[in-house]
Amino acid sequence: MVESSEVRVVRCGGSRINVAAPVISVDSRFLLCASGDLVKVFSTSTEEWVHVLQGHTNVVTGITLNPANQLQVYSSSADGTVRLWDFTDGILIKTFVIGYPIATLLVSNKHEGILFLVVPAKDNSNSECLQLVAAHVPKTLEQEVEVRELSSVLPNISPNPRAVGFGREGEYIASAEGLKLIVYFFRDQKPYRFNLSKSTKKGAKNTFTCVSCHPKDDCVATGHEDGKIRLWRNFNQKKEYTYTTLHWHHSVVNTLCFTPEGTTLLSGGIESVLVQWQYDRNSKYILPRLGGSITHISVSADGSLFTTSHSDNKITVIQSNLKVSAVIQGLVKGEAVHTDLVIDPRSKALVLNGKPGHLQFYSLQRDKQLYNLDIVQQEYIYQEGLDQYEVVKAAFDAHGSCLATVEERGKKLSDTEITLKFWDYNETAQRYTLTCQKVFCAVWISTLNILYFSSFVLNTTVMTPHDNRITSMCFFPTAETTMVVTTARDGCFKAWLLGQESDTEKQGTDGPSWSCDFVGRYHDLQPTNCCFSADGSLLAVSFQEVITIWNPETWELLTTLCQPPGNIKDLCFGRLSCSRYLLATTTKNMLCCWNLLTCSLEWSTSIAVTLLKADPLSENMAVFTLQKEQTDLFVFKPCEPRPLFTQNALCVGEVQRAIFVPREEPLDNCDESSLWLNRSQLYCLTENMDLLAFTTKIEDDSLISRKLVCNLTLIVFEKHIKRVSCSIFCLVTINPVCHLLPTQAVIDDSVAVTPFYLLLGKHRQREQEMCGLPVTEQQGRAQLPQGSVAVREVRSRVPWKCLVMVYSTRSRVVLLLIFVCVCVCVCVCVLFYTFSCYTRRLMSCPQRPSYATCL
Amino acid sequence: MTAFKPTRVPVIPQLGEKVTEDALYWRSYKSPVQIKEFGAVTKIHFSPLSPHNYAVTASTRVQIFGPNSHEPLRSFSRFKGSAYSGSFRADGRLLVAGSDEGLVRLFDVGGRVALRQFTGHSKSVRVTSFLSDGFRIVSGSDDLSSRVWDVSTAQEVAALGEHSDYIRALATSSRNPDVFITGSYDHTLRVWDARLERCVMKMEHGQPVEGVLLYPSEGLLVSTGGQHVKVWDLLKGGQQLVSLKNHHKTVTCVCLSTHSNRLLTGSLDRHVKVYSSSYKVVHTFDYEASVLSLAVAPDDGIVAVGMTNGVLSLRHRKPSEEQEVDGRKRRGPSYRMFVKGRNYTPKQDDFVVRKSLKHHLKKHDRLLKSFKVSEALDSALEVGPAVCVAVLIELERRGTLRNAVAGREEESITPLLNFLLRFITDPRFSRILLSVAHVVVDVYQQVVSQSPVMERLLQRLLECLGREIDYQQELLQVLGILDTLFASATPAAGVTTLQTCEIALNVSHFCTRIQIKSTTTPRLRTWRV
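On a predicted model such as this, the values are computed, not experimentally measured, just so you know.

A. View of the overall build of chain A. Each helix and strand counted, chain A has 11 helices and 57 strands in total. Taking all 855 residues of chain A together, 54% fall into the buried category. Long-range contacts, defined here as pairs at least 24 residues apart, represent 47% of the contacts in chain A between residues at least 6 apart. When the accessible area of chain A is evaluated, it comes to approximately 37800 Å², of which 52% is carbon and sulfur surface.

B. Structural view of the UniProt feature "repeat: WD" (unreviewed entry) in chain A. In the numbering used here, UniProt assigns the "repeat: WD" (unreviewed entry) feature to residues 53-95, 201-232 and 246-287 of chain A. As annotated, residues 201-232 of chain A comprises 0% helix and 53% strand, and the C-alpha atoms at either end are separated by 21 Å.

C. Geometry of the sheet that holds strand E33 (residues 358-363) of chain A. Read across the sheet, 4 strands follow the order E31-E32-E33-E34 (chain A) without closing on themselves; strand pairing throughout is antiparallel. Only two strands of the sheet have a single partner each, and these edge strands are strand E31 (342-343) and strand E34 (368-374) of chain A.

D. Quick peek at the interface of chain B and chain A. In this assembly, 20 residues from chain B lie in contact with 29 residues from chain A. Taking both partners together, chain B and chain A bury about 2400 Å²; carbon and sulfur atoms supply 46% of that area. Viewed at the interface, chain A and chain B are joined by 2 salt bridges. Residue Asp374 of chain A pairs with Lys5 of chain B through a salt bridge whose shortest N-O separation is 3.1 Å. Taken together, the connections running from chain B to chain A amount to 7 residue pairs in polar contact (both at pLDDT 80 or more). Counting residues per element, the side of chain B that touches chain A draws most heavily on helix H6 (residues 385-398) of chain B, which supplies 4 residues.

E. Seen up close, the packing of aromatic side chains. Across all of its chains, the model carries 46 aromatic pairs over all chains by this definition. Centroid distance Phe46 of chain B to Tyr54 of chain B: 5.0 Å. Interplanar angle 45 degrees. Geometry classified as tilted. You can call Phe46 of chain B buried: its relative accessible area is 6%. The side chain of Arg346 of chain A reaches across the aromatic face of Tyr425 of chain A, ending 3.9 Å from its centre. We note Arg317 of chain B situated over the ring of Tyr25 of chain B; from NZ or CZ to the ring centre the distance is 3.8 Å.

F. Quick look at the UniProt feature "repeat: WD" (unreviewed entry) in chain B. Under the feature "repeat: WD" (unreviewed entry), the UniProt entry names residues 118-159, 160-202 and 244-276 of chain B. When the span residues 244-276 of chain B is considered, its composition is 0% helix and 52% strand, and the gap between its end C-alpha atoms is 12 Å.

G. Here's a closer look at the pattern of salt bridges. With the rule as written, the count across this model stands at 32 salt bridges over all chains. Between Arg408 of chain B and Asp378 of chain B there is a salt bridge; the shortest N-O distance is 2.7 Å. Separated by 30 residues along the polypeptide, Arg408 of chain B in the loop between helix H7 (401-405) and helix H8 (410-423) and Asp378 of chain B in helix H5 (residues 373-381) bring together distant segments of the chain. One salt bridge connects Asp426 of chain B with Arg428 of chain B, and the closest N-O pair in it is separated by 2.8 Å. Judged by its relative accessible area of 28%, Arg428 of chain B is partly exposed. In the salt-bridge network here, residues are joined through shared partners; they are Lys110, Arg168, Glu171, Arg187 and Asp218 of chain A.

H. Focus on the environment of Val113 of chain B. Residue and element names in this part refer to chain B. By secondary structure assignment, the location of Val113 is in the loop between strand E8 (104-108) and strand E9 (114-118). Exposure remark for Val113: the relative accessible area of 48% places this residue in the partly exposed category. Taking the C-alpha atoms as reference, Val113 lies 9.4 Å from Ser77; in sequence the two are 36 residues apart. If near-sequence neighbours (up to four positions away) are discounted, Val113 is found in contact with Arg78, Phe107 and Asp108.

I. A look at the packing of H8 of chain B against helix H10 (residues 452-489) of chain B. Residues and elements named next belong to chain B. The N-to-C vectors of H8 and H10 enclose an angle of 10 degrees; their axes lie 10 Å apart at closest approach. On the basis of their axis angle, the class for H8 and H10 is roughly parallel. Across from Glu410, Ile413, Thr414, Leu417, Asn418, Leu420 and Leu421 in H8, the residues of H10 making contact are Pro452, Val453, Met454, Leu457, Leu458, Arg460, Leu461 and Cys464. Here the residues of the contact of H8 with H10 are counted per class, giving 11 nonpolar, 2 polar and 2 charged.

J. Seen up close, the sheet that holds strand E7 (residues 72-77) of chain A. All names here are of chain A. Pairing in this open sheet of 5 strands is mixed, and the strands run E6-E7-E8-E9-E13 from one edge to the other. Sheet topology places strand E6 (60-65) and strand E13 (144-146) at the edges, where each strand pairs with a single neighbour. Neighbour-to-neighbour, the strand axes of this sheet turn through a mean angle of 20 degrees, independent of strand direction.

K. Structural detail: the side chain of Glu379 of chain A. Along the polypeptide, Glu379 of chain A turns up in the loop between E34 and strand E35 (390-396). Classification of Glu379 of chain A by relative accessible area gives buried; the value is 9%. There is a polar contact of 2.9 Å between the side chain of Glu379 of chain A and the backbone nitrogen of Lys5 of chain B. With sequence-adjacent residues up to four places away left out, Glu379 of chain A is seen in contact with Arg289 and Gln388 of chain A together with Ala3, Phe4, Lys5, Arg397 and Arg398 of chain B.

L. Structural detail: the nonpolar core. Membership of the largest hydrophobic core comes to 41 residues, with the highest contact counts inside it found for Leu392, Leu433 and Val440 of chain B. At the level of secondary structure, the elements contributing two or more residues to this core comprise helix H4 (363-369), H5, H6, H7, H8, helix H9 (430-444) and H10 of chain B. Setting aside its immediate chain neighbours within four residues, Val440 of chain B contacts Val405, Leu416, Leu417, Leu420 and Met454 of chain B. Ile547, Cys578, Leu583 and Cys593 of chain A belong to the second-largest nonpolar core, a separate cluster that totals 27 residues.

M. Representation of the environment of Thr605 of chain A in the model. Residues and elements named next belong to chain A. Checked against the element boundaries, Thr605 lands in strand E50 (residues 600-605). Along the primary structure Thr605 and Leu591 are separated by 14 residues, whereas in three dimensions their C-alpha atoms are 5.3 Å apart. Dropping the residues within four chain positions of it, Thr605 is found in contact with Asn589, Met590 and Leu591.

N. Looking closely at the confidence of the model for chain A. Residue and element names in this part refer to chain A. Considering every residue of chain A, the mean pLDDT works out to 75; 77% of them sit at 70 or more. When pLDDT is averaged over each helix and strand of chain A, the minimum, 31, is found for helix H5 (residues 741-747) and the maximum, 93, for strand E24 (residues 264-269). Counting interchain partners and residues more than four positions distant, the pLDDT-below-50 stretch residues 430-453 has 53 contacts. Within the model, pLDDT remains below 50 along residues 845-855, and this stretch shows 19 contacts once partners closer than five positions in the same chain are excluded.

O. Here's a closer look at the pairing of strand E19 (residues 220-225) of chain B. Residues and elements named next belong to chain B. Counting buried positions over the 6 residues of E19 gives 5, a clear majority of the element. Pairing analysis gives 5 bridges linking strand E18 (residues 209-214) to E19, with the strands arranged antiparallel. Of the residues in E19, the one forming a bridge with Val209 is Gly225. The turn linking E18 back onto E19 is made up of 5 residues, and Glu218 within it adopts a positive phi angle of 65 degrees. As paired strands, E19 and strand E20 (residues 228-233) are joined by 6 bridges and run antiparallel to one another. Within E20, the residue paired with Thr224 across the bridge is Val229. Between E19 and E20, which pair antiparallel and follow one another directly, the connecting turn spans 2 residues, one of which, Gly226, has a positive phi of 60 degrees.

P. Region of the structure containing H8 of chain B. Residues and elements named next belong to chain B. Spanning 14 residues, H8 covers 20 Å between terminal C-alpha atoms, matching the ideal 20 Å at 1.5 Å per step. Taken residue by residue, H8 has Ile413, Thr414, Leu416, Leu417, Phe419, Leu420, Leu421 and Phe423 as its buried positions. Here the buried face of H8 lies against H5, H6, H7, H9 and H10.

Q. Local environment of H6 of chain B. Residues and elements named next belong to chain B. Across its 14 residues, H6 extends 20 Å between first and last C-alpha, which sits within 8% of the 20 Å expected from 1.5 Å per residue. Counting buried positions along H6 gives 10 out of 14 residues, so the element sits mostly inside the fold. Every buried residue belonging to H6 is among Val387, Cys388, Val389, Ala390, Val391, Leu392, Glu394, Leu395, Arg397 and Arg398, and all of these are buried. In the segment just after H6, Gly399 is the residue with positive phi, at about 75 degrees.

R. Highlighting a nonpolar patch on the surface. All names here are of chain B. Residues Val478, Ile481, Leu482, Leu485 and Phe486 make up a contiguous nonpolar surface patch of about 460 Å² in total accessible area. Relative to the elements of secondary structure, Ile481 occurs in helix H10. Taking relative accessible area as the criterion, Ile481 reaches 52% and is therefore assigned exposed.

About the criteria used
Residues numbered from 1 in each chain as written. Chains lettered and ligands numbered in written order. Predicted model: local features only at pLDDT ≥ 70, side-chain atom pairs only at ≥ 80, totals over all residues. Heavy atoms only, no water. Helix = DSSP H or I, 4+ residues; strand = E, 2+ residues; numbered from the N terminus. Buried < 20%, exposed > 50% of the residue type's maximum accessible area, 1.4 Å probe, protein only. Contact = heavy atoms within 4.5 Å. Areas by Shrake-Rupley, 256 points an atom, 1.4 Å probe, with all protein chains shown as cover. UniProt positions renumbered as here; feature names shortened; annotations may be inferred. Pairing = 2+ DSSP bridges. Buried area = accessible area lost by both parts, 1.4 Å probe. Salt bridge = Lys/Arg side-chain N within 4 Å of Asp/Glu carboxyl O. Polar contact = N/O pair within 3.5 Å; in protein donor to acceptor, adjacent residues only side chain to side chain. Phe/Tyr/Trp six-rings, centres within 6.5 Å; stacked < 30°, edge-to-face > 60°. Lys NZ or Arg CZ within 6 Å of the ring centre and 35° of its normal. Axes fitted to C-alpha atoms, helices over the stretch in contact; angles between N-to-C directions. Parallel < 35°, antiparallel > 145°, perpendicular 65-115°, else oblique. Nonpolar A, V, L, I, M, F, W, Y, C, P; charged D, E, K, R; others polar. Core = buried A, V, L, I, M, F, W, Y, C linked by side-chain atoms within 4.5 Å. pLDDT = per-residue confidence, 0-100. Expected span 1.5 Å × (residues − 1). Patch = residues over 30% accessible without salt bridge, like charges linked within 9 Å, V, L, I, M, F, W, Y side chains within 5 Å.

If you want it as structure tokens, here you go:
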């Protein structure tokens with residue numbers, strides 16, 4: 001994948017966390033879930049990620065706890081390996097090479113040392129046909145083991161991982177495929193098959209979708225396409241089996257799960273309602289409106305916590321009294337991103353379509369969704385084939401104080417309903433509904449200027465701003481005028497202006513609202529794109545094959561440019577030294593550049609351009625081209641003939657969206673090929689919704705160091721001891737309180753040391769400055785309100801006071817003594833911890849591991 | 001788990017004029033009480049003292065009415081000809097009136113006989129007033145002169161004759177007892193000083209002056225005459241500030257309200273207009289005859305208008321809202337007031353557990369939440385058009401409009417059909433209501449003939465839509481004519497959006513569906529300049 005030695009393409013987070021059912025650790029403190037090639041360990045109480053188990057080279061398809069040791073976890077992947085991890089420390093213990101891509105992984109308490117895997121059937125040429133095999137784990141000392149002993153258990157397994165399940169502590173296994181249910185007893189090696197009729201009388205659709213077996217009873221629950229749940233009993237006799245039917249879901253039952261005690265059955269489907277059925281009783285409880293449709297349900301070992309995975313890349317942690325306790329939200333990805341990738345200028349977050357009817361604000365640095373903004377503000381009905389509002393356009397003004405969104409409905413209907421909304425950033429209505437731990441994070445983050453918990457307030461709603469679909473929307477680039485231009489397929493473009501507050505007649509309304517200022521047309525052609533020049537003095541609107549240049553102040557048509565064969569696809573002005581150029585791409589695979597001073601075509605090339613993007617901070621332009629089903633990237637300046645950077649075979653398929661994200665601090669990298677990445681970073685979204693980023697080597701180094709910090713091994717501790725002996729004091733005291741340290745390490749971007757060190761430095765600085773001038777740095781740092789209860793809570797928890805106390809004593813002797821004491825204590829602690837870890841791993845591993853695996 | 005989002009009821013644009021605070025204030029008068037006099041009511045004057053009795057001059061007498069009774073408290077009818085301009089002194093105890101025979105009479109409000117008679121005018125005295133010291137009277141007459149009289153001696157103090165036509169308007173200054181202003185049919189306004197016995201300032205109105213009014217600040221002077229109302233700045237030496245032409249007949253009278261000094265003018269065109277401080281008309285009262293005299297009670301409690309047909313019309317102010325609130329039965333404190341520990345303030349280390357707020361949903365939202373679409377529609381129909389349309393849009397979005405409409409009996413479909421009948425031609429709602437009508441026709445196609453009620457309602461709906469089509473067609477024709485006119489008049493290009501076209505298209509589509517034999521299908525064209 002990597003061609004150039006300097007610039008690298010990395011996949012940057014945002015992968016799906018709802019592929020496999022999440023697993024809760026035995027003590028209910030951690031939640032493990034598969035996320036792309038990784039297994040992520042989250043804390044169930046703080047919702048932050050604690051570890052990343054890294055090692056698979058393809059998508060992780062299943063995770064289960066090791067029945068022999070509950071602190072270890074097996075993960076299976078499509079790369080044909082099963083890996084065993086210690087998730088509390090984030091260390092890979094063993095790798096089992098199977099050789100086939102694994103679809104599902106199952107283990108059972110009864111069958112120790114056997115992994116049940118769903119792999120493609122060998123003998124059959126049809127690759128879609130799957131079979132269940134049992135793999136005996138060989139007991140060897142090597143870290144990487146090849147497993148050859150595979151014995152087939154059941155053929156014809158459904159690819160759906162929810163359609164297989166163990167029953168009664170592993171005595172039998174139930175599998176459903178199509179209209180068939182197979183129950184296989186291990187003792188008598190005999191499968192029982194049950195068929196349901198195909199008839200669709202009274203709207204019945206009997207196809208099986210999921211299976212779950214009662215842990216104590218001989219009872220199998222199956223979910224069906226028409227929303228029925230059947231409880232099968234007495235199935236070890238072929239003839240006399242019975243089933244009872246539970247029916248609440250109105251469409252497909254996606255997943256079923258019994259609690260470990262077997263008292264309740266949980267079911268979830270497309271309507272995103274968690275239904276808790278009382279086993280042996282005819283009562284049920286429901287928990288509605290959880291988010292996207294439920295894809296997986298899992299229950300912790302003691303039954304106190306449930307988790308549900310949702311189709312909108314979310315995991316919800318629910319207590320057994322049906323109260324949501326935590327939500328882990330990844331980057332929501334639908335089939336397509338209708339709104340382009342947009343950067344919120346205020347929080348520097350990536351903004352794109354989120355949940356249906358929402359915009360999501362996603363932090364690229366933290367790989368975490370910051371918040372969702374409800375645009376449509378309507379109840380979303382989870383029903384297939386229903387035509388609902390979707391956010392299709394979003395744009396921010398230069399400072400991020402205004403947001404304009406377009407939502408539309410009516411994909412299939414002839415008359416579309418379009419709404420244009422204007423939002424104001426409201427600084428007073430910031431969200432403080434955070435838990436203590438989160439506020440603590442926010443304190444840190446506000447010092448690093450990464451995150452603002454912001455919210456937008458609706459200013460104006462324009463119903464039917466255009467008669468047909470809106471094709472593009474852009475804000476005036478400078479802050480003097482707040483103007484939005486929209487172009488639509490009804491043949492006109494409109495300029496919207498924020499009204500003046502001096503209007504004395506409007507005393508009743510609060511604040512200025514938006515109104516239409518100008519409607520422009522050009523020869524009944526359909527406008528496709530619009531773009532302002534960097535200083536806002538020109539507006540370019542492309543009407544099919546013609547580009548028109550307007551003066552936004554007088555609305556005078558200045559000139560028209562028409563040359564290219566084919567309609568204009570993308571349009572953008574050059575910036576800075578190249579501001580005299582206007583670039584456009586056409587549907588006939590042309591990239592054209594006009595000189596606006598001479599109003600003539602400067603140059604044009606014929607390449608199959610899919611996307612043209614301009615860097616807001618430099619002259620650079622990025623062009624993605626599609627050749628032989630592979631995307632190439634060219635970065636160039638409009639005034640120079642040679643491209644600055646070329647990346648061949650970036651990915652398979654088309655790049656759908658891309659954006660230059662301005663950096664917080666420009667890199668001082670002077671290598672020629674990566675010079676263009678100094679001011680801003682390029683992100684792109686591929687056809688299969690992978691978010692790719694272009695990074696330089698320097699950045700990667702810092703990334704690696706960040707990962708090291710992430711892993712939180714003892715090595716890091718030791719490093720800290722060497723650097724600042726006092727910071728460890730702080731670390732040790734705070735870490736048992738809440739699991740925050742890894743999070744901070746992740747947040748911290750540029751500094752490899754933990755933020756505590758940073759803080760410590762500040763304290764030291766203040767100490768020095770206090771002798772001279774009184775410094776008001778305290779007020780500058782803490783941006784949260786002083787009186788807030790939550791903040792007070794945090795303050796009392798953080799041992800800053802101790803630190804300050806330590807430093808404020810002037811006597812150096814005392815200081816030295818305390819330092820020595822602390823160092824000794826810490827060393828003892830660390831040694832003890834190392835020893836305990838080592839011994840625990842020794843106890844837990846079936847074989848004696850090599851020294852390298854432990855550290 | 002997110003909360004249920006209630007149905008969004010959009011703020012529908014209000015048709016007609018904008019509701020301002022002034023409009024609300026002036027609208028809150030009751031419908032007028034009418035008292036019939038013998039002749040045209042030429043002057044109404046409120047006593048400055050509470051209880052604000054008012055003198056009404058009509059025909060040959062001056063009557064005094066109380067603010068609450070509609071019977072005269074006193075009547076002065078010793079005039080041989082018509083009486084004019086009965087006005088109170090500042091203490092409300094003396095009343096002066098002119099008459100046709102050239103006499104000025106002075107009455108005690110408590111007594112019945114005239115206290116003094118001032119003789120000297122040769123023709124009828126149309127305007128009289130007290131000067132602000134209360135000891136002198138000024139009068140203006142048709143003999144082109146205005147005179148100042150001493151009350152105690154009944155002697156003429158001064159005679160001022162510079163006007164060249166009848167004097168029909170008079171205003172006295174309340175700050176300076178020697179200054180008064182007269183307006184005459186010779187189109188001029190003159191400011192007089194009784195000490196100098198000559199005119200000190202002259203202004204040209206341009207039409208015969210019918211009324212003069214001095215603002216309480218005495219910096220501004222208002223004169224009416226012809227169709228114009230003019231405001232003059234006395235401090236700038238009689239410079240004209242504004243000229244208003246809001247009436248289409250002669251403006252006969254002018255007065256000020258107490259509430260933020262609004263100017264009111266009455267005219268022969270049967271309207272009384274209220275002006276804002278920037279001289280824009282904020283409210284208009286309509287009367288059945290030409291207005292001759294106008295007065296507002298000092299507390300704005302009554303707007304009294306006298307008309308040519310001899311009717312005195314009184315509008316009383318509605319009691320204000322606050323009194324209603326006081327009158328309403330107050331609810332006792334709620335249960336939560338008595339719950340212990342309510343006033344407890346948390347200490348520094350306390351962890352406050354907030355009580356989760358309970359969101360109350362409207363009835364239709366509650367029903368929608370539990371997917372009871374038909375009942376939700378029923379409950380929304382009882383509320384109001386905006387809510388009902390919002391619910392219909394919501395049902396359409398959910399794809400359950402057909403379910404909500406179907407399966408109804410005669411009595412439960414009637415409210416829906418009535419709603420459609422009332423609002424289907426409203427351009428704000430017609431988009432959704434037309435599709436609702438489509439669904440109704442689709443669902444009940446088979447059974448319409450079995451129910452006479454429904455058949456009648458559908459027939460009416462049909463007629464209503466037919467009328468609407470004709471109307472739209474006419475509008476489009478007018479629009480076409482206008483557009484050609486505009487196109488020839490203005491060189492700059494502008495674009496007209498024709499939302500009405502769309503509606504007309506929809507309506508016509510619907511009508512053809514339910515088989516109207518429309519002879520002319522509207523030919524719709526988009527007009528563009």
